[in-house]
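The primary structure of each chain is shown beneath.
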Amino acid sequence: KGFELGINAFLVDKADFSLSVNFNTGINVARIEELDGTNERFFQSNWASTDLNNINDYYLRVGGKLGDIYGYVSDGFYSVDDFQAYNAVTGQYELKEGVPNSGATVGNT
């Protein structure tokens, strides 16, 4: 089941100039009605590189929603304040001491 709304408007439409605005939003909730002979199983999306290609990150369950993520918890994101310098030789930013390095988690080892 889903819903999508799109609105287009031409605010100015002259021979030498035009200005238009477009707005689009939608929602789609896909429920799993049946699987391949089971009621539940895991699925590998292979989203984060070859280092994580054997990780089950989606959980499929009859009656569940398509896209239920299994086992992934976001602990936040890096900001500019988390880095102490840029190393021009290695081409990498250096984290400040005490800031966790998530490189191995996302396959950047």
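Now for a description of the structure that goes with this document. (Residues numbered from 1 in each chain as written. Predicted model: local features only at pLDDT ≥ 70, side-chain atom pairs only at ≥ 80, totals over all residues. Heavy atoms only, no water.)

### Brief notes about the overall build of the protein
Here is the rule we go by: Put simply, DSSP marks the helices as runs of H or I at least four residues long and the strands as runs of E at least two long, and each gets a number from the N terminus on. Throughout this description, buried means an accessible area under 20% of the type-specific maximum (1.4 Å probe, protein chains only), exposed means over 50%, and partly exposed covers the range between. In this analysis, two residues are considered to be in contact whenever any of their non-hydrogen atoms come within 4.5 Å of each other.
Secondary structure assignment for the protein yields zero helices and six strands. Each helix and strand of the protein, ordered N terminal to C terminal, gives the series β-β-β-β-β-β. Burial statistics for the protein: of 109 residues in total, 9% are counted as buried. Look at the contacts in the protein between residues 6 or more apart in sequence, and 29% of them connect residues 24 or more apart.

### Details of the packing of aromatic side chains
Note the cut-off: The aromatic pairing rule takes the rings of Phe, Tyr and Trp, using the six-membered ring of Trp, and pairs them if the centres are within 6.5 Å, calling planes under 30 degrees apart stacked, those over 60 edge-to-face and the rest tilted.
On inspection of all chains with the given rule, the structure shows four aromatic pairs. Considering the side-chain rings of phenylalanine 42 and tyrosine 59, the 5.5 Å spacing of their centres and the 50° angle between planes classify their relative orientation as tilted. With a gap of 17 residues between them, phenylalanine 42 in strand E3 (residues 40-43) and tyrosine 59 in strand E4 (residues 58-61) connect regions that are remote in the sequence. Classification of tyrosine 59 as partly exposed rests on a relative accessible area of 22%. One aromatic cluster in this structure is built from Tyr78, Phe83, Tyr86 and Tyr93.

### Observations concerning the pairing of strand E1 (residues 2-13)
So the rule is basically this: Here, strands pair whenever DSSP counts at least two bridges between them.
E1 sits mainly on the outside: zero of its twelve residues count as buried. Bridge count for E1 against strand E2 (residues 18-28) is eleven bridges, and the pairing is antiparallel. Following the sheet pairing, glutamate 4 is matched in E2 by glycine 26. The hairpin formed by E1 and E2 contains four residues between the paired strands.

### Some points on a nonpolar patch on the surface
So the rule is basically this: The patch calculation keeps residues exceeding 30% relative accessible area without a salt bridge and links them within 9 Å when they carry like charges or within 5 Å when they are nonpolar (Val, Leu, Ile, Met, Phe, Trp, Tyr). Per-residue and other accessible areas were derived by the Shrake-Rupley procedure at a 1.4 Å probe size, with only the shown protein chains allowed to occlude residues. The term salt bridge refers to a side-chain nitrogen of Lys or Arg lying within 4 Å of a carboxyl oxygen of Asp or Glu.
A cluster of nonpolar side chains, namely Phe3, Leu5, Ile7, Phe23, Ile27 and Val29, defines an oily patch on the protein surface of about 560 Å² accessible area. Listed by contribution, the elements that provide at least two residues to the nonpolar patch are E1 and E2. Its relative accessible area of 34% is what places leucine 5 among the partly exposed residues.

### With respect to the environment of glycine 64
Here glycine 64 lies in the loop between E4 and strand E5 (83-87). Under the relative-accessibility criterion, glycine 64 is labelled buried at 2%. Each C-alpha atom of the pair glycine 64 and glutamate 40 lies 9.2 Å from the other, and the pair is 24 residues apart in sequence. Look past the residues within four positions of glycine 64 in its chain and what remains in contact with it is Ala30, Arg31 and Ile32.

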